[in-house]
Each structure stands twice: as C-alpha cells, then as structure tokens.
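# Coordinate inspection notes
These are the residues of each chain, in order.
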Amino acid sequence: MKGYNVAVVGATGAVGHEMIKVLEARKFPVKELKLFASARSSGKKMSFCGESLPVEELKSSSFKGIEIALFSAGAGRSVEFAPHAVKSGAVVVDNSSAFRMDANVPLVVPEINPQDIKLHQGIIANPNCSTIQMVVAINPIHQVSRIKRVIVVTYQAVSGTGMKAIQELERQVKEWVGGKKITHKVYPHPIAFNVIPHVDVFYDTGYTQEEMKMVHETHKIMHDDKIQVSATCVRVPVFRAHSEALHIELEKKLTASQVKDILSKAPGVKVQDDPQQNLYPLAIYTAGKYDVFVGRIREDIAFPNGIAMWVVADQLLKGAALNAVQIAELLSA
Ligand code: NAP
Ligand code: 3JN
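Criteria and thresholds
- Residues numbered from 1 in each chain as written.
- Chains lettered and ligands numbered in written order.
- Predicted model: local features only at pLDDT ≥ 70, side-chain atom pairs only at ≥ 80, totals over all residues.
- Heavy atoms only, no water.
- Buried < 20%, exposed > 50% of the residue type's maximum accessible area, 1.4 Å probe, protein only.
- Helix = DSSP H or I, 4+ residues; strand = E, 2+ residues; numbered from the N terminus.
- Right-handed = clockwise from strand over helix to strand, strands pointing away.
- Pairing = 2+ DSSP bridges.
- Expected span 1.5 Å × (residues − 1).
- Bend = angle between axes of the 7 residues up to and from the residue.
- Near = heavy atom within 4 Å.
- Polar contact = N/O pair within 3.5 Å; in protein donor to acceptor, adjacent residues only side chain to side chain.
- Areas by Shrake-Rupley, 256 points an atom, 1.4 Å probe, with all protein chains shown as cover.
- Nonpolar A, V, L, I, M, F, W, Y, C, P; charged D, E, K, R; others polar.
- Axes fitted to C-alpha atoms, helices over the stretch in contact; angles between N-to-C directions.
- Contact = heavy atoms within 4.5 Å.
- Phe/Tyr/Trp six-rings, centres within 6.5 Å; stacked < 30°, edge-to-face > 60°.
- Patch = residues over 30% accessible without salt bridge, like charges linked within 9 Å, V, L, I, M, F, W, Y side chains within 5 Å.
- Salt bridge = Lys/Arg side-chain N within 4 Å of Asp/Glu carboxyl O.
- Parallel < 35°, antiparallel > 145°, perpendicular 65-115°, else oblique.
- Left-handed = near helix turned anticlockwise from the far one by under 90°.

Of all 6 residues that make up strand S1 (residues 4-9), 6 are buried, and the element is covered over most of its length. Alternating residues of S1 divide into Tyr4, Val6 and Val8 and Asn5, Ala7 and Val9, and every residue in both groups is buried. After leaving S1, the chain enters helix H1 (residues 14-25) and then returns to the sheet as strand S2 (residues 30-37), a path that is right-handed. Relative to strand S5 (residues 68-71), S1 runs parallel, the two being bridged by 4 bridges.

Compared with the 20 Å implied by 1.5 Å per residue over 14 residues, the 20 Å span of helix H3 (residues 129-142) between its first and last C-alpha is a close match. The sharpest bend along H3 reaches about 30 degrees and sits at Val135. H3 sits mainly inside the fold: 14 of its 14 residues count as buried.

With respect to spatial proximity, 26 residues lie near ligand 1, and among them Thr12, Val15, Ser38, Arg40 and Ser41 are the closest. At 2.9 Å from an oxygen atom of ligand 1 is found a main-chain nitrogen or oxygen belonging to Ala14. With respect to ligand 1, the backbone of Ser159 contributes an N or O atom lying 3.0 Å from a nitrogen atom. Taking 890 Å² as the accessible area of ligand 1 by itself, protein coverage stands at 79%.

If you check the shell around ligand 2, you find 13 residues, and the closest are Ser97, Arg100, Gln156, Lys213 and Arg235. Ser97 has a polar side-chain atom sitting 2.5 Å from an oxygen atom of ligand 2. For ligand 2, an oxygen atom lies 2.8 Å from a polar atom in the side chain of Gln156. With the chains in place, 74% of the 420 Å² that ligand 2 exposes on its own is no longer accessible. Here the residues of the shell around ligand 2 are counted per class, giving 2 nonpolar, 7 polar and 4 charged.

Bringing the sheet that holds strand S8 (residues 147-156) into the picture now. Taken in spatial order, the 6 strands line up as S9-S8-S10-S13-S12-S11 in an open sheet, and their pairing is mixed. At either margin of the open sheet sits one strand with a lone partner, and together these are strand S9 (228-235) and strand S11 (269-271). Strand after strand, the sheet turns through a mean of 20 degrees between neighbouring axes, direction not considered. Across 8 bridges, S8 lies against strand S10 (residues 242-250) in antiparallel orientation. Across the sheet, Val152 pairs through a bridge with Leu246, a residue of S10. Relative to the sheet, helix H5 (residues 209-222) contacts S8, S9 and S10, its axis offset from that of S9 by approximately 145 degrees.

With that out of the way, let us pick up the packing of aromatic side chains. Two numbers describe a pair of aromatic rings. These are the distance of the centres and the angle of the planes. Under the criterion given, the structure shown has 5 aromatic pairs. Ring centres of Phe36 and Phe63 lie 6.0 Å apart, and the angle between their planes is 50 degrees; this geometry places the pair in the tilted category. With a gap of 27 residues between them, Phe36 in strand S2 and Phe63 in the loop between strand S4 (51-57) and S5 connect regions that are remote in the sequence. Per residue, the accessibility class of Phe36 equals that of Phe63, and both read buried. For the pair Trp176 and Phe193, a centre-to-centre distance of 4.7 Å together with 45 degrees between the ring planes defines the contact as tilted.

Turning to the side chain of Ser145, a few remarks are in order. Among the secondary structure elements, Ser145 is positioned in the loop between H3 and S8. Leaving out residues up to four positions away in the same chain, Ser145 has contacts with Leu250, Glu251, Lys252 and Leu254.

Attention now moves to a nonpolar patch on the surface. Where nonpolar side chains cluster on the molecular surface, the patch consists of Val173, Trp176, Val177 and Phe193 and spans about 440 Å² of accessible area. Tracing the backbone through its elements, the reader meets Phe193 in the loop between helix H4 (163-177) and H5.

Looking now at the sheet that holds S1. One open sheet holds the 7 strands; their spatial order is S3-S4-S2-S1-S5-S6-S7, and the pairing between them is mixed. Every other strand in the sheet has two partners, leaving strand S3 (45-48) and strand S7 (123-125) as the edge strands with one partner each. Each strand axis lies, on average, 25 degrees off the axis of its neighbour in the sheet, ignoring direction. Here S1 pairs with S2 via 6 bridges, running parallel. Pairing of Val8 across the sheet is with Leu35, part of S2.

This brings us to the packing of H3 against H5. For any two helices packed against each other, the geometry comes down to the angle between their axes and how far apart the axes lie. Interhelical geometry of H3 versus H5 gives an angle of 40 degrees and a closest axis separation of 10 Å. Compared by their axis directions, H3 and H5 come out oblique. Considering only the axes of H3 and H5, their crossing is right-handed. Within the contact between the two elements, H3 uses Ser130, Thr131, Met134, Val135, Ile138, Asn139 and His142 and H5 uses Glu210, Lys213, Met214, Glu217, Thr218, Ile221 and Met222. Residues of the contact of H3 with H5, tallied by class, amount to 6 nonpolar, 5 polar and 3 charged.

Below you can see the structure in the form of structure tokens.
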C-alpha cells in the first residue's frame with residue numbers, strides 16, 4: 001500500500017493530539033509525519049508509532065513534499081496557511097470554520113456524504129463537532145422519513161474550547177476544594193459547578209455563532225436547506241464528549257421502535273437505550289470512543305410525528321480528529 005507524507009498542523013492542541021493517536025490507531029498509511037504548531041512549541045517532541053518526532057514552527061514553506069495536511073490550529077491559521085499547503089500539492093482536511101461554507105469546499109461526514117469529497121479543489125472541510133454528532137444521528141432517520149424540524153440543546157465539554165479550557169476546569173475544581181475563590185479567564189463565568197448558555201460569539205438575533213454553524217452546516221452536509229434547525233448551545237463542566245437533547249419533527253410518523261431499528265443499523269451509531277436498566281449514553285463513558293451514542297429514544301408528545309432522543313459523542317474524536325482521518329482514508333482509498 002502507498003504511504004503518504006502527512007502533516008498535522010496544530011499538533012500540540014487538544015485535537016492535534018487526537019489526530020496523531022487516531023492516525024496510529026487506525027494504521028493510516030503514513031510514510032512520513034510532520035508536526036507543526038506555533039513558535040512556542042518549536043523543539044517539543046511528540047510520539048507517533050514508537051518514534052519521537054519534533055514539533056516545528058508552522059511556516060508557509062512547511063508543506064514541501066506533504067500530500068495530506070490535517071489542520072486544527074484555528075480558522076486564522078487555516079486561512080493563512082492552507083493555500084500554501086495546496087500550492088505545494090497537498091490536500092488539506094481543515095477542522096476550522098474557515099472554509100466550511102465555501103461553495104468550492106466539500107463539507108464532509110464520511111457516513112453521510114462521502115461522495116462530496118470528489119468535488120474538492122485542494123481543501124475539504126470537517127464540520128463543527130456539535131453538527132457532526134447531530135447529523136450522524138439524524139441522517140439515517142431522514143433517509144426513511146424526511147425531517148422537517150430539529151430543536152437541539154447541546155451540553156458541550158470544555159475540551160471543545162481546547163487545552164486552556166481543560167486546564168481552567170481542573171484549576172477551578174482545585175480552587176473550590178481548597179476553599180479558594182474560583183478564578184476564570186477562558187469563559188466569561190466560572191465553568192466548575194456551573195452551566196453557561198453561551199458557546200462562541202453572539203449575533204444580534206440572540207443566537208450564537210456555534211448555534212448558527214449547526215443550522216448552516218446541517219443543510220450543506222445533508223443537502224437539504226429546508227430542514228429547520230434551532231439550537232441552544234450550552235457549556236457544561238465536563239472534560240470530554242458533547243451531549244445533545246434532540247427533538248425532531250418528521251414528515252411521516254415513525255414509532256420509537258422503528259427509529260431504534262433504523263439507528264441500530266446506521267453506520268457510526270451505537271444505540272444505548274434501556275432506561276429501566278439506567279442505560280443511556282453518558283459523556284464519561286463516551287470519552288475515547290469513536291461512535292455516536294444514542295439513547296432515550298421516544299415519541300415526542302409535544303407535536304405530531306415527533307421523536308426525542310439523547311446523543312453523545314467524543315467531540316475530539318468523531319467531532320474532529322476521527323472524522324478528519326476518515327476523510328484522509330477516503331482520499332487514500
Ligand atoms: P488548542 O488545544 O487550543 O490547540 C491549538 C493548536 O493550534 C495548538 O497546537 C497551537 O500550537 C496551534 N496554534 C495556535 N496558534 C498558532 C500559530 N500561530 N501557528 C501555528 N500553530 C498555532 O485548540 P483545539 O481544541 O485543538 O482546536 C483547534 C481548532 O480545531 C479550533 O480552533 C477549531 O477550529 C477546531 N476544532 C476544535 C474542536 C474541539 O472539540 N476542540 C472540535 C472541532 C474543531 P501551540 O501549542 O504552539 O500554541
Ligand atoms: O466549543 C466547542 O465545543 C467546539 C468548538 C469549536 C471551535 C472552536 C474555535 C474555533 C471552532 C469550530 O470548530 O467551529 C472554531 C472555528 O473554527 O471557528
């Protein structure tokens with residue numbers, strides 16, 4: 001099998017760490033792996049397949065000989081450096097929002113629209129993590145009975161904000177246990193022992209950018225602009241794995257048991273649904289797993305043809321690193 005020269009941009013970040021681990025765990029055919037981050041990390045070492053690799057400062061000249069570049073260093077770095085990578089002959093799989101809604105950039109979840117990859121012109125975008133786990137869970141239902149409306153509330157882990165937020169929650173827990181005043185820098189309020197209905201920046205409409213990403217990206221991935229989506233995105237004091245409460249309205253009725261049957265056969269989905277045994281998806285057990293877990297599947301009593309369910313996934317994996325490596329696997333197939 002051909003081996004590829006691969007670059008991970010943002011290697012030292014929460015997503016970058018997982019990208020390196022997923023490339024290794026899935027035995028992606030890597031010929032050479034190059035790791036890039038900011039000048040702050042230059043000289044650090046990270047391990048891959050038993051080797052200790054240096055982290056290099058990202059520069060426009062970094063991509064010589066690179067065939068696949070996995071970017072997760074934020075939208076600003078993607079805008080600045082992805083064109084250099086493409087010019088050097090690499091295909092970029094970008095985790096940021098920089099190109100997601102660009103008409104020339106496919107936005108791909110391999111379980112849903114793998115065929116869109118073929119349309120790429122050098123860049124393929126990875127959707128937002130909250131969007132990915134929602135569409136993996138709703139698209140199989142949509143194939144059987146069209147979804148008219150989705151109302152979603154998210155419960156997002158702090159690792160969604162990156163390394164500095166993981167450290168902030170750890171520090172705040174220690175401050176609380178030590179009887180000290182809780183200090184905060186990353187979020188506008190303490191996140192330990194709190195729930196903050198605020199992810200990303202607010203628009204004048206009252207919705208946040210994260211909430212609107214869920215609307216627009218769902219339309220693009222599922223190729224259906226008519227699905228009405230309303231999201232409330234909430235940060236919770238969980239280290240890893242986002243949870244979502246979904247209420248969906250279908251064109252024609254499906255029973256809860258039909259939905260369970262559809263989802264139990266759906267790619268990338270695991271149904272965990274036995275409330276009498278206290279079995280439903282939970283963030284702490286989902287962390288580190290590849291699948292999107294779905295439970296609490298029931299007929300929604302608030303409107304006709306409604307289904308309610310609870311969806312949990314590791315947003316650093318299926319929401320970012322795993323989805324990106326799956327895209328790279330499709331490129332290499
Ligand atoms: P993070 O933990 O803060 O890591 C950021 C990474 O970007 C680090 O490797 C950092 O390097 C690097 N970086 C920052 N400034 C740079 C520069 N000027 N040049 C080169 N590299 C630079 O953030 P993260 O959680 O991994 O997320 C990274 C991006 O992935 C996000 O901005 C977002 O676009 C996307 N994403 C994140 C998630 C998630 O759940 N966390 C999910 C989906 C998508 P240093 O260590 O040297 O500073
Ligand atoms: O907050 C979360 O739980 C997910 C965060 C995603 C994120 C964080 C900073 C910048 C993104 C994203 O993936 O949409 C971005 C961005 O690229 O705009």
